[in-house]
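Observations on chain architecture
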Amino acid sequence: MGRSDLERLSREELIELVLRLQRPDKTSRTSSKPPATDRKERREQSKPGGAKSGHEGHSRVMIDDPNAVVDHRPDRCACCGGALHGDLPAELVSVSERIELPEVTPVVTQHRRLAVHCPTCGVRVVAPVPEAARGTPFGPRLHAVATYLKTFQALSYERLQAALSDLFGLTLSQGGLMNLLQRAQRHFRPGREEAVSTLRRAAVIASDETGVRIEGSNAYHWVFHAADAVVHTASPTRGAIVIREMMGGHRPAVWISDRYTAQQGHAAAHQTCLAHLARDVAYVVEVSDDPVPWRLRLLLRSVFALAERVTDLAASTLAAKRRTLGRQLGAILATSSRCDLTRDLQAKIGRARDQLLVFLAHPGAVEPTNNGSERLLRPAVIQQKVTNGYRAMWAAEGEAAIRTVVDTARLAGHSPFGTILKTVGA
């Protein structure tokens, strides 16, 4: 906008323009921007570290079966100097532990083929190639360690190469590491297919996506999860085609996501993430003195408080509270406002009005937010920041398969490395 354009504006338009320019930037608290984009607070304004006030302290649990136990007995009385013989009864006063890691060195087994001349006919007989000598020289545990460090500790090939060398004395080229990871990833395909099959039978599914770089281009990492399955997938597109292909014709009872258009229309009912709306409301409350955003904030607080005890209330009570909240929301959306941000917020919430309180009709089965999907995507976001994405699509797809199997196993309480080792060694 040039000077001549500004001169043509009315007094009210100029005031509105200045007010817009004075609005603060959006943060992770007032939008869906990640926390890493926030400006750091000044040191004197930052919160102190350590546990919060009132936090219950925890101590490390002692090991039940230590490798060695050393008893320390007094041999002289501190009072009279008398000898304290070893056969005297003793009581346990305290226990302390010293924990150390053993030096880890590779276990190398050489398989040598020998030839023997037959004493009867003189023919030279060569031993057949042993099964252990076929294929890769690296064992399942080495494959599991490399896969774990690459996928769940977000190491680049260069850092993974250095870690294996520094920690275990192993020298592998980056090409060798790439081949090793490709071999390991193939073991996760059956587990991924099983997770997809389970997902396609689920009644409630939540989904989200985040941007990644694959082969130097913008692409997306998607996650779909239900009560007993988690599926990650890499795709060059953010379109609804990804969801349709993943669902394979299955239409669940409820879909949980944000308000992104591609996420709409895939289930009988849709629960919009209320955490996203709460951040949008928080921004308008921060920059405007209009009462409507405050009323929306109070309404959302009531909804979140109700969500915490939704499983404790009868179905008739939940239905009555849903009708009450619906009437309150209707009154708020019908309130006129001169603030453009408020009007935009009213329109945004109005479009998703039928998707806000669906969780009340499915107590305990449907969450009011999509925070579960965001937590599952967080490792992929960290991987993107640390390594700047994937060199090839096979790497992105293979890592998605690994995350699928590991995150699904986590639902049953299994650890990531244990799951990787079991899958690779199968």
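As shown above, the structure is provided for reference.
Report on the accompanying structure. Numbering of residues starts from 1 in each chain and follows the order in which that chain's sequence is written. Where local features are concerned, this predicted model is filtered to residues with pLDDT of at least 70; where side-chain atom pairs are given and counted, the filter is 80 or more; whole-chain, interface and lining totals use all residues. As a rule here, side-chain values cover all heavy atoms of the structure and leave hydrogens and water aside.

So, on to the packing of helix α6 (residues 189-199) against helix α13 (residues 393-410). Across the interface, α6 lies against α13 with an axial gap of 8 Å and an inter-helix angle of 65°. Between α6 and α13 lies a crossing whose hand is left-handed. For the pair formed by α6 and α13, the contact residues are Gly191, Arg192 and Ala195 on the first element and Ala401, Thr404, Val405 and Thr408 on the second. When the residues that make up the contact of α6 with α13 are grouped by side-chain class, the tally is 3 nonpolar, 3 polar and 1 charged. Between N-to-C directions, angles cover 0 to 180 degrees, with each direction set by a line fitted to C-alpha atoms, over the stretch in contact for helices. Runs of H or I in DSSP of at least four residues are treated as helices and runs of E of at least two as strands, each being numbered from the N terminus. What makes a crossing left-handed is the near helix being turned counterclockwise from the far one by less than a right angle; a clockwise turn instead makes it right-handed. Residue contacts are counted whenever heavy atoms from the two residues lie within 4.5 Å of one another. Three categories are distinguished: nonpolar for Ala, Val, Leu, Ile, Met, Phe, Trp, Tyr, Cys and Pro, charged for Asp, Glu, Lys and Arg, and polar for the others, with Gly belonging to the last.

Glancing now at helix α5 (residues 174-186). Taking 1.5 Å of rise per residue, 13 residues should cover 18 Å, and α5 covers 19 Å from first to last C-alpha, within 8% of that figure. When accessible area is computed with a 1.4 Å probe and restricted to protein chains, residues below 20% of their type maximum are described as buried, those above 50% as exposed, and intermediate ones as partly exposed. Listed in full, the buried residues belonging to α5 are Leu177, Leu180, Leu181, Ala184 and Gln185. All buried residues of α5 project into a common sector of 135° when viewed along the axis, lining one side. Residues of α5 that are buried sit in contact with α3 (140-152), α4 (157-168), α6, α13 and α14 (416-424). Expected helix span is taken as 1.5 Å per residue step, with the number of steps being one fewer than the number of residues. Read the arc as the range of directions from the helix axis to the C-beta atoms.

Here the focus is the sheet that holds strand β6 (residues 254-257). In short, DSSP must find at least two bridges between two strands for them to pair. The strand order across the open sheet formed by 5 strands is β5-β4-β3-β6-β7, and the pairing between neighbours is mixed. Each end of this open sheet is capped by a strand with a single partner; those strands are β5 (230-235) and β7 (269-272). Neighbour to neighbour, the strand axes of the sheet diverge by 25° on average, direction disregarded. Strands in contact with helix α12 (residues 371-387) are β3 (204-214), β4 (217-225) and β5; relative to β3, the strand with the most contacts, it is inclined by about 10°.

This paragraph deals with the environment of Ala401. Note that Ala401 resides in helix α13. Counting along the chain gives 169 residues from Ala401 to His232, while the straight-line C-alpha distance between them is 6.6 Å. Filtering out sequence-adjacent residues up to four positions away, Ala401 remains in contact with Phe188 and Arg192.

What follows covers the packing of α12 against α13. Interhelical geometry of α12 versus α13 gives an angle of 145° and a closest axis separation of 11 Å. The handedness of the crossing between α12 and α13 is right-handed. Across from Leu376, Pro379, Ala380 and Gln383 in α12, the residues of α13 making contact are Glu399, Arg403 and Asp407. Among the residues forming the contact of α12 with α13, the class breakdown is 3 nonpolar, 1 polar and 3 charged.

Take the packing of aromatic side chains next. Aromatic pairs are defined between Phe, Tyr and Trp rings, using the six-membered ring for Trp, whenever the two ring centres lie within 6.5 Å; interplanar angles under 30 degrees are classed as stacked, those over 60 as edge-to-face, and all others as tilted. Across all of its chains, the model carries 4 aromatic pairs by this definition. Measuring from ring centre to ring centre gives 5.8 Å for Tyr148 and Phe417, while their planes differ by 80°; the resulting arrangement is edge-to-face. One end of the pair, Tyr148, is in helix α3; the other, Phe417, is in helix α14, and 269 residues separate them in sequence. Residue class for Phe417 comes out partly exposed when judged on its relative accessible area of 25%. Taking 5.9 Å as the distance between ring centres and 5° as the angle between the ring planes, the aromatic pair formed by Trp222 and Phe224 counts as stacked. For the residue pair Trp222 and Phe224, the accessibility class agrees, reading buried in each case. Here the aromatic cluster, defined as three or more aromatic residues joined through ring pairs, consists of Tyr148, Phe152 and Phe417. Only Lys NZ and Arg CZ are tested; either one counts as a charge over a ring when it is within 6 Å of the ring centre and within 35 degrees of the ring normal. A cation over an aromatic ring shows up here: Lys150 above the ring of Tyr157, its NZ or CZ 5.0 Å from the ring centre. The ring of Trp294 has Arg297 sitting right over it, with the charged end atom 5.4 Å from the ring centre.

Attention shifts here to helix α9 (residues 291-308). Under the 1.5 Å per step criterion, the end-to-end length of α9 is 26 Å for 18 residues, consistent within 8% with the ideal 26 Å. Against the buried residues of α9 lie α8 (274-287), α10 (315-334) and α11 (340-351). Polar contacts, as counted here, are pairs of nitrogen or oxygen atoms within 3.5 Å of one another; within protein the pair requires one atom able to donate a hydrogen and one able to accept it, and residues that are adjacent in sequence qualify only if both atoms are side-chain atoms. Where α9 begins, the capping side chain belongs to Asp290, and its oxygen is found 2.8 Å from the backbone nitrogen of Val292.

Residue types Ala, Val, Leu, Ile, Met, Phe, Trp, Tyr and Cys, when buried and joined through side-chain atoms within 4.5 Å, form a set referred to as a nonpolar core. Judged by nonpolar contacts, the single largest core of 34 residues is most densely connected at Leu296, Ile349, Leu356, Phe359 and Leu360. Of all the elements in the fold, those that place two or more residues in this core are β3, β6, α8, α9, α10 and α11. Of all the elements, α9 adds the most residues to this core, at 7 residues. Beyond its immediate stretch of four places on either side in the chain, Phe359 contacts Gln271, Leu274, Val303, Ala307, Val366, Glu367 and Pro368. Of all hydrophobic cores here, the second largest spans 15 residues; its members include Leu199, Ala202, Ala226 and Trp255.

A separate point is the environment of Val104. One can find Val104 in the loop between α2 (11-21) and β1 (115-117). We classify Val104 as partly exposed; its relative accessible area is 42%. Between the C-alpha atom of Val104 and that of Gly169, which follows or precedes it by 65 residues, the distance is 8.5 Å. With near-sequence residues (within four places) excluded, Val104 lies in contact with Leu167 and Phe168.

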